[in-house]
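Residue-level structure breakdown
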Amino acid sequence: MAPVELLGYAVPAFALLMLVEWIAYRRDPDRPDNGGAARDTASNVATFFLGRLVKPLMQYILPFSAVVAAAAITPLHLSAKSWWVWVLGLVVTDFCYYWAHRADHRVRLLWTAHSVHHSSEYFNFTTAIRLPWLHPVANLIRGMAWVPAALIGIPPWMIFLLQSIGLLYQFPIHTQKIATLWRPIEFVFNTPAHHRIHHGSNKPYIDKNYGGIFIIWDRIFGSFAAESEPIRYGLTKNIGTDNPLRVNYHELGALLRDVREAKTWRGRFGYVFGPPGWSEQSAETDTAAKVSVPA
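Residues numbered from 1 in each chain as written. Predicted model: local features only at pLDDT ≥ 70, side-chain atom pairs only at ≥ 80, totals over all residues. Heavy atoms only, no water.

You'll find the protein entered in an unreviewed UniProt entry as Sterol desaturase family protein, with Nocardia arthritidis given as the organism. As stated in UniProt under Subcellular location (unreviewed entry), the record for the protein gives "Endomembrane system". (UniProt positions renumbered as here; feature names shortened; annotations may be inferred.)

Given below as structure tokens:
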């Protein structure tokens with residue numbers, strides 16, 4: 001079964017879960033009494049379906065895959081007939097996802113796409129389908145994160161399938177209705193409690209809990225955080241719109257404006273490949289401060 005077909009079969013299940021969650025929220029006496037959540041949900045769903053409509057264009061815009069190229073040149077070729085290859089593939093592809101996801105938050109060019117998912121000021125199942133579309137350059141660069149999996153011999157089709165399984169796993173963890181799970185599960189796996197932290201825009205939670213299926217990578221590489229204060233969802237500077245087009249391209253437009261107005265090539269490079277929030281002015285101030293410090 002192809003990854004696209006797998007995701008297609010999952011859509012009805014997603015829709016059912018979203019309906020159940022919506023009913024549960026409607027019956028919650030503590031829910032906010034405003035239309036913001038409804039507009040956000042509509043924007044999430046519209047963003048998802050617009051992405052499905054334009055997805056066929058990607059086969060013409062982005063025909064090259066670094067994973068396929070790496071698999072063609074590596075001397076290593078593992079057989080999908082061995083069960084341990086599937087286990088290894090799941091762990092390795094999730095490890096690659098961790099670094100791709102971490103780069104999403106630390107490289108602004110990649111953030112222009114990934115910020116779409118984080119721009120919702122709510123956190124529910126529909127947030128999981130608030131995904132970017134037609135960001136070919138960011139997708140091409142991001143895809144290189146799975147090259148190591150191909151180089152050790154994991155078949156490309158298995159890598160793509162396991163990527164899809166990882167995305168399916170992450171759908172049900174976009175909810176506030178599940179508090180915490182059994183402690184061993186919370187220690188090893190990504191859970192709603194961990195992923196709520198990842199979507200927080202408060203300072204203790206920014207750039208934390210990147211894991212896809214396994215949260216153990218965050219514990220190993222120092223990016224894990226547990227809840228220490230109420231979570232505020234969204235971006236540090238929210239975009240203030242539910243328009244799917246603006247949701248999808250707001251950050252890319254901001255990046256292009258910054259590059260156009262930059263005074264130096266260092267500034268232009270920094271706005272593209274530096275972290276979100278980097279500015280030419282702050283970099284110049286930091287450099288001047290270092291120069292003025294006496295030896």
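Looking only at helices and strands, one finds 16 helices and zero strands in the protein. Across the protein, every contact between residues at least 6 apart in sequence was considered, and the portion connecting residues at least 24 apart equals 72%. Surface exposure of the protein reaches about 16,100 Å², of which carbon and sulfur atoms provide 67%. (Helix = DSSP H or I, 4+ residues; strand = E, 2+ residues; numbered from the N terminus. Contact = heavy atoms within 4.5 Å. Areas by Shrake-Rupley, 256 points an atom, 1.4 Å probe, with all protein chains shown as cover.)

Turning next to the UniProt feature "transmembrane region" (unreviewed entry) in the protein. The sites that UniProt annotates as "transmembrane region" (unreviewed entry) are residues 6–25, 57–77, 83–100 and 145–169. Secondary structure over residues 83–100 splits into 100% helix and 0% strand, and the C-alpha atoms at its two ends are 26 Å apart. Strand forms 0% of residues 145–169 and helix 76%; the C-alpha atoms that close the span are 19 Å apart.

As a further point, take the packing of aromatic side chains. Applying the stated rule across the entire model yields 16 aromatic pairs. With centroids separated by 5.0 Å and ring planes inclined at 65°, the aromatic side chains of W99 and F221 adopt a geometry described as edge-to-face. Here F221 lies in helix 13 (residues 216–221) and W99 lies in helix 5 (residues 83–106), a separation of 122 residues in the sequence. Centre to centre, the rings of F125 and F171 are 5.1 Å apart; their planes meet at 20°, and the pair counts as stacked. With F125 in helix 7 (residues 125–128) and F171 in the loop between helix 10 (156–170) and helix 11 (183–188), this residue pair connects regions lying 46 residues apart in the sequence. Of the two residues, F125 and F171, neither departs from the other in class, the shared state being buried. What links up through ring pairs into an aromatic cluster is the set F95, Y98, W99, F189, Y210, F214, W217 and F221. Above the plane of the ring of F224 lies R219, whose end atom (NZ or CZ) is 4.1 Å from the centre. (Phe/Tyr/Trp six-rings, centres within 6.5 Å; stacked < 30°, edge-to-face > 60°. Buried < 20%, exposed > 50% of the residue type's maximum accessible area, 1.4 Å probe, protein only. Lys NZ or Arg CZ within 6 Å of the ring centre and 35° of its normal.)

Take the environment of I129 next. Inspection of the secondary structure assignment puts I129 in the loop between helix 7 and helix 8 (136–143). Accessibility expressed as a relative area gives 6% for I129, which makes it buried. Separated by 85 residues in the primary sequence, I129 and N44 have C-alpha atoms spaced 6.4 Å apart. For I129, the residues in contact, after removing those within four places along its chain, are M18, N44, V45, F48 and F171.

Here we come to the pattern of salt bridges. Counting across every chain of the model gives six salt bridges. Here D242 makes a salt bridge to R39, at a shortest N to O gap of 3.7 Å. Here D242 is found in the loop between helix 13 and helix 14 (244–261), whereas its partner R39 is found in helix 2 (residues 36–54), with 203 residues between them in sequence. Among the residues examined, D242 registers a relative accessible area of 30% and is labelled partly exposed. (Salt bridge = Lys/Arg side-chain N within 4 Å of Asp/Glu carboxyl O.)

We now examine the side chain of H135. With respect to the helices and strands, H135 occurs in the loop between helix 7 and helix 8. The class of H135 is buried, set by a relative accessible area of 5%. Excluding its chain neighbours within four sequence positions, the residues that come into contact with H135 are T112, A113, N248, Y249 and L252.

Core analysis: the largest hydrophobic core is formed by 17 residues, its most contacted members being W146, A149, A150, I154 and I159. Top element by residues in this core is helix 5. It accounts for five residues. Residues within four places of A149 in sequence aside, it is in contact with V92, T93, C96, I154 and I159. (Core = buried A, V, L, I, M, F, W, Y, C linked by side-chain atoms within 4.5 Å.)

Further remarks concern a nonpolar patch on the surface. A grouping of L16, L19, V20, W22 and I23 is seen on the molecular surface, where their side chains present a nonpolar patch of about 490 Å² in accessible area. Along the chain, the position of V20 falls in helix 1 (residues 3–26). (Patch = residues over 30% accessible without salt bridge, like charges linked within 9 Å, V, L, I, M, F, W, Y side chains within 5 Å.)

A separate point is helix 6 (residues 108–118). Counted residue by residue, helix 6 has 11 buried out of 11 residues, so it is predominantly covered. Residues of helix 6 that are buried include every one of R108, L109, L110, W111, T112, A113, H114, S115, V116, H117 and H118, and no others.

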